[in-house]
Amino acid sequence: MLLASLPFYPLISFILLIVFAKRLSWHVASFISVGAMAIAALVSMRLVLELSAMPDSVMTANLWHWFNLVTKQGSSDVNMSFYLDGLSAVMICVVTGIGFLIHLFAAAYMKDDANFTRFMAYMNLFIVAMLVLVLADNLVLLYLGWEGVGLCSFLLIGFWYHEKANVLAARKAFIVTRIGDTSMAIGLLLLFNSFGQLNIEALSSLLQQIGSSGTGFSTEQLNDIYWIALLLLGGAVGKSAQLPLQTWLPDAMAGPTPVSALIHAATMVTAGVYLIARMHHLFMFSPEVMTYVAWLGAITLLLAGFAALAQTDIKRVLAYSTMSQIGYMMLALGAGAWSAGVFHLMTHAFFKALLFLTAGAVILALHHQQDLFKMGGLLKKLPVESALFVVGLVCLMALPGTSGFFSKEAIIAQLWSSNTAGPALWWCAIIGAFITSIYSCRLFFLAFLGNKRYRTGLVVEKANLMRSALVVLAMLSLFGGLISLDLSQVFQSARASISFENEPSWLHSVAIATPFFGILFAWYYFKNYRLTKGQDDYVLSASTHSFAVFCRNGLGFDSLYKRLFILPYTWLAKLNRNDIVDKTLMSSAWYIGLWHDVMTMIQNGSLRWYLAAFGLSILVLVGVTIL
Amino acid sequence: MTAIPLFHVLVLSSLLFTIGFTGVVARKNTLFILMSLEVMLNAVGVAFIGAGSAWQQADGQVMFILILTLAAAEVAVGLALLIRMQKKYRSLDIDLLNKMKG
């Protein structure tokens, strides 16, 4: 079956690449990996076509029985089986489609790397894990994919492991997301304990059934749902880099640029959004947690926006903007605007992949220079890249007509009257949009306008492979908003009755006009970034105002966590340098060693000693018997 | 003729046994160890004879003859080994035979 085979194309490619490794030439290796992705992308398209022909828009494929879980409520099968509905169809299209384009780009981008095959193998493995995650029909399989993407993220961030900073960034990403994963694992266990079911389909119908029955949920069950939703939210927050586990994402930019595009913009970080959308049946019954989701998203999108305003590294600006955009998705999910959130996930994948890859092309042209203040004036030198970047930024700012506009407006439109959101969150979203357009403009001005501030010559590559991938992404970003996403079947139970009657009439015009205000503000405020000054050796430096530095360092979260967690932990570790537990365990080894010595001493080979011991023991035996 | 009480016989036997055992443990010369072994065997023999006479049974004497035979065989083997040892080590010190240690 086509559905069952989907994750196996990249998997086979991964195995081939990892087995033959450096024996493959660049041509063969890129043909295998990119070809596998192309097949996967075609298969996904085909699956979507088939799915739309299905009456109930659901496809399943059972590969094999994995194991069986038994509880007091009965037993639940955990199968290796895939479940495709509207939501996972969107995800597989994004994962394989964008994944294919990024692979295409990466094949050209990483061409000269000594470990090219290893890189492509990891990228393929990542796609496998992501496909398992989005296709899983039960939460255990989903968790497998969840951990798989975490692993690949770790491997790819630390891909250039010769530099210590990269390794530290990889480790940080792994540990921080692991905190979220632990919370999610506990959530899953709690879920299984209270409802005896881990199959997503069965679980949703079970929840529906209890919810719509006369008695409804008991207080205890509602309490359980609250905690389960909260713990799952913890997992989502870790993976999607939301407050308070967001600190890993900016550092993850240490990886090669295609990785940033694939994992930290287009796919992996949206796993958290996917999880919440997938478990929306559960979240629906816990409006408090939905409100938390919305607030978390709103706060993250504002904080990340402020942080993006002060960054000097082009990739870090994009990283913070990713966090901020995922904040929008979370906000949408929290407000109950499920399809709008998923829609924004899709369009964001288009334009953020485009932005990252174009940034990668720019960085490559500048000999791996990532500092915005050492760019400038690139508009004339790299016209194609500049145009593509502008397309990406326009979508990011959500100017009318672009894909970002459709999705972001869809989110903002539903906030005001939502039961779990409200006007306050609406204002947060508007301010977020304002900041988004300011930092987008700042980024554009710094990189492409103004004086030429780089010293080295440009390497203008005529890599058609890279260009073609970028152009396709740009088309998708511009016109992706026209894709009609019909998720009503997935979220049919979730269609809450929102009345839009009490809304003021100026809401939409304000939402549409905000990005333009942002551009206007940036046009004047960042004037010196954009204007060409007379002298040629003009040096522009980042603001050293304490607030700007504070924002640049991610609003102090890193140092806060260092104070709160890392320092006490290392203090404890130092305190327990001579590991007490280890010493206790080792004492048993010492005891055995002692007896070993005694025993060898006894075996001295002297016959008379043996005899004496013999006589003594007989004496003792007789003595004991008599007494 | 007054019968010697069994207790006295056993005390004599134990004394002889202890003397023999001490000899085996304390002596370094293998020849003397063999001789001490003979003393121990004879101590056991005395105990058998005493017990046989105390209960008026022939078994004790039968046993003693068996022990004598055993002692003769053992001495034959033991002396043969002593000759080999003397040839190999030019000494009869038992502590030289300590190669089999752990």
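Residues numbered from 1 in each chain as written. Chains lettered and ligands numbered in written order. Predicted model: local features only at pLDDT ≥ 70, side-chain atom pairs only at ≥ 80, totals over all residues.

Novice: Looking at this structure, I do not really get the overall build of chain B. What am I missing?
Specialist: When its secondary structure is counted, chain B shows three helices and zero strands. Put simply, chain B runs from its N terminus to its C terminus through helices and strands in the order α-α-α. Radius of gyration (C-alpha) of chain B: 17 Å, far over the 13 Å computed for a compact globule of 102 residues. For the C-alpha atoms alone, the extent of chain B along its principal axes is close to 55 × 30 × 25 Å. Residue burial in chain B is summarised as follows: out of 102 residues, 12% are buried. For chain B, the share of sequence-separated contacts (at least 6 apart) that also reach a separation of at least 24 residues comes to 49%. (Helix = DSSP H or I, 4+ residues; strand = E, 2+ residues; numbered from the N terminus. Rg over C-alpha atoms; globule rule 2.2 N^0.38 Å. Buried ≥ 20, exposed ≤ 12 C-beta atoms within 10 Å, placed from the backbone. Contact = placed C-beta atoms within 7 Å.)

Novice: Quick question: what am I supposed to make of the overall build of chain A here?
Specialist: The helix and strand inventory of chain A stands at 27 helices and two strands. C-alpha extents for chain A along the principal axes are approximately 110 × 70 × 50 Å. Expressed as a percentage of the 627 residues in chain A, the buried residues total 49%. By sequence separation, contacts in chain A at least 24 residues apart represent 83% of the contacts at least 6 residues apart.

Novice: Help me out: how do you make sense of the interface of chain A and chain B in this one?
Specialist: Bring the parts together and some accessible area is lost; that lost area is often taken as the interface size. Listed as interface residues are ten residues of chain A and, on the opposing side, eleven residues of chain B. It is helix α27 (residues 607-626) of chain A that contributes the most residues to the side of chain A that touches chain B, five residues altogether. For the side of chain A that touches chain B, a count of residues per class yields three nonpolar, six polar and one charged. (Nonpolar A, V, L, I, M, F, W, Y, C, P; charged D, E, K, R; others polar.)

Novice: Before we go on, may I ask you to explain the packing of helix α18 (residues 383-397) of chain A against helix α20 (residues 423-448) of chain A in this structure?
Specialist: Helices that pack against each other are described as a pair by the angle of their axes relative to one another and the distance between those axes. Residue and element names in this part refer to chain A. As a packed pair, α18 and α20 sit with axes 9 Å apart at the nearest point and diverge in direction by 170°. Taken together, the axis directions place α18 and α20 in an arrangement best described as roughly antiparallel. From α18, Ser386, Phe389, Val390, Leu393, Leu396 and Met397 reach across to α20, where they touch Thr436, Ser437, Ser440, Phe444 and Phe448. (Axes fitted to C-alpha atoms, helices over the stretch in contact; angles between N-to-C directions. Parallel < 35°, antiparallel > 145°, perpendicular 65-115°, else oblique.)

Novice: Whenever I open this one, the domain arrangement of chain A confuses me. Can you help?
Specialist: Domain boundaries assigned for chain A yield domain 1 (291-491 + 505-542) and domain 2 (578-626). Each of domain 1 of chain A and domain 2 of chain A has a C-alpha centre, and these two points are 76 Å apart. (Domains from an automatic or database assignment.)

Novice: In this structure, what is going on with the nonpolar core? I would like to understand it.
Specialist: Nonpolar side chains tend to gather and get buried jointly when the protein is soluble and globular. Residue and element names in this part refer to chain A. Counting 211 residues, the largest nonpolar core has Phe126, Leu331, Ala353, Leu354, Leu357 and Ala429 as its most contacted members. In terms of residue count, the dominant contributor to this core is helix α16 (residues 338-365) (18 residues). For Leu331, the residues in contact, after removing those within four places along its chain, are Ala294, Gly297, Ala298, Leu301, Ile411, Leu425 and Ala429. (Core = buried A, V, L, I, M, F, W, Y, C linked by C-beta atoms within 7 Å.)

Novice: Would you explain the environment of A:Leu233 in this entry?
Specialist: Residues and elements named next belong to chain A. Take Leu233: it is sitting in helix α9 (residues 219-239). Under the C-beta neighbour-count criterion, Leu233 is labelled buried, with 29 such atoms within 10 Å. Beyond its immediate sequence surroundings of up to four residues, Leu233 is in contact with Val289, Tyr292 and Val293.

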